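If you want the building blocks of each chain, they are given just below.
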Amino acid sequence: MSLVLDSAAQDLLFREARTTSAFSDEPVTEEQVQAIYDLVKFGPTAFNSTPLRVTLVRSPEARQRLVELMDEGNQAKTAAAPLVAILSADNEFHEELPALLPHFPQAKDVFFSERPARERSALMNSAMQAAYFIVGVRAAGLAAGPMAGFDHAGIQKEFLDDDHTPLMVVNIGKAEGEVPHPRGPRLTADQVITTV
């Protein structure tokens, strides 16, 4: 059975897309970022909670502070990327629920009055949204280089606050040059899918 999405779009979003470390100098505009968000905001989350927050690191001063918090192997590519985004989970996302879930505004208090429940939900749902974000970057004809190798506490202190948990740092731009290694293997459907 074929997919509804045409083959070129499948290639752009998945089959030919690669995590990228080398980018051209072409800038990533505010309009591109807005278009990415306006597409990926429709991805589903539990209770329509949308806890992902995106911090764009554009100024040279902020970029230098961020580079210093990246693991050594991620510093040069973060310094050189046209745009860098810090993706984080808003642990106080429940404050938006009355507007985001108008048919059940009491969900804010029924399910999320306790911080541990909010943190679990924020982590799971913002991780889903981070994946949507990466696919959205690809849909814009750009490449993404997501990274988890950084000082999490340092980034939280320097760029966020106690209510936001950093998930990943994503370098964004037009890919340049060859990917330095072949695509890694993937598990087959038979290895992953179980029918009961």
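Definitions and cut-offs
- Residues numbered from 1 in each chain as written.
- Predicted model: local features only at pLDDT ≥ 70, side-chain atom pairs only at ≥ 80, totals over all residues.
- Heavy atoms only, no water.
- Salt bridge = Lys/Arg side-chain N within 4 Å of Asp/Glu carboxyl O.
- Buried < 20%, exposed > 50% of the residue type's maximum accessible area, 1.4 Å probe, protein only.
- Helix = DSSP H or I, 4+ residues; strand = E, 2+ residues; numbered from the N terminus.
- Patch = residues over 30% accessible without salt bridge, like charges linked within 9 Å, V, L, I, M, F, W, Y side chains within 5 Å.
- Areas by Shrake-Rupley, 256 points an atom, 1.4 Å probe, with all protein chains shown as cover.
- Pairing = 2+ DSSP bridges.
- Axes fitted to C-alpha atoms, helices over the stretch in contact; angles between N-to-C directions.
- Parallel < 35°, antiparallel > 145°, perpendicular 65-115°, else oblique.
- Left-handed = near helix turned anticlockwise from the far one by under 90°.
- Contact = heavy atoms within 4.5 Å.
- Nonpolar A, V, L, I, M, F, W, Y, C, P; charged D, E, K, R; others polar.
- Core = buried A, V, L, I, M, F, W, Y, C linked by side-chain atoms within 4.5 Å.

K.L.:
Please give an account of the pattern of salt bridges that cites residues and values.
P.N.:
Overall, the coordinates contain 10 salt bridges when judged by the stated rule. Notably, a salt bridge pairs D38 with K41, separated by 3.5 Å at the nearest N-O pair. Among the residues examined, D38 registers a relative accessible area of 31% and is labelled partly exposed. D163 serves as the salt-bridge partner of R115, at 2.9 Å between the closest nitrogen and oxygen. Placement of R115 in helix α7 (residues 115-139) and of D163 in the loop between α8 (152-159) and β4 (164-173) is noted, with a sequence separation of 48 residues between them. Residue R115 is classed as partly exposed on the basis of its relative accessible area, which comes to 24%.

K.L.:
Go over a nonpolar patch on the surface with me, naming the residues and quoting the values.
P.N.:
A surface patch of nonpolar side chains, amounting to about 330 Å² of accessible area, comprises L187, V192 and I193. Within the element layout of this structure, I193 appears in the segment after α9 (189-192).

K.L.:
Lay out the pairing of strand β3 (residues 143-147) in plain terms, naming residues and giving numbers.
P.N.:
Among the 5 residues of β3, 4 are classified as buried, and the element is accordingly described as predominantly covered. In terms of strand pairing, β3 meets β4 through 5 bridges, oriented antiparallel. Counted as the bridge partner of A143 is G173 from β4.

K.L.:
With reference to specific residues and values, describe the pairing of β4.
P.N.:
A regular strand places its side chains on the two faces of the sheet in alternate fashion. By the criterion of burial, β4 is predominantly enclosed, with 9 of the 10 residues buried. Both strand β2 (residues 83-90) and β4 contribute to a ladder of 8 bridges, which runs antiparallel. Bridging across to β4, A89 finds its partner in T165.

K.L.:
Provide a residue-level description of the packing of helix α2 (residues 30-40) against α7, including the pertinent values.
P.N.:
Viewed as axis vectors pointing N to C, α2 and α7 meet at an angle of 130°, and their least axial separation amounts to 9 Å. With respect to each other, α2 and α7 are oriented oblique. For the pair α2 and α7, the crossing hand works out as right-handed. Together, I36, L39 and V40 of α2 and Y132, F133, G136, V137 and A139 of α7 make up the contact between the two elements. For the contact of α2 with α7, the class distribution of residues is 7 nonpolar, 1 polar and no charged.

K.L.:
Any chance you could break down the nonpolar core for me, citing the residues and the numbers?
P.N.:
Grouped together as the largest cluster of nonpolar side chains are 24 residues, with contacts concentrated most on L87, V137 and I172. The set of elements that each furnish at least two residues to this core consists of α2, β2, α6 (107-112), α7 and β4. The leading source of residues in this core is α7, at 5 residues. In this structure L87 touches L52, R53, V54, A130, F133, T165, P166, L167, M168 and V170, once residues within four positions along its chain are discounted. One finds L66, M147, F150 and F159 within the second-largest nonpolar core, a separate group that totals 16 residues.

By themselves these figures say nothing about function.
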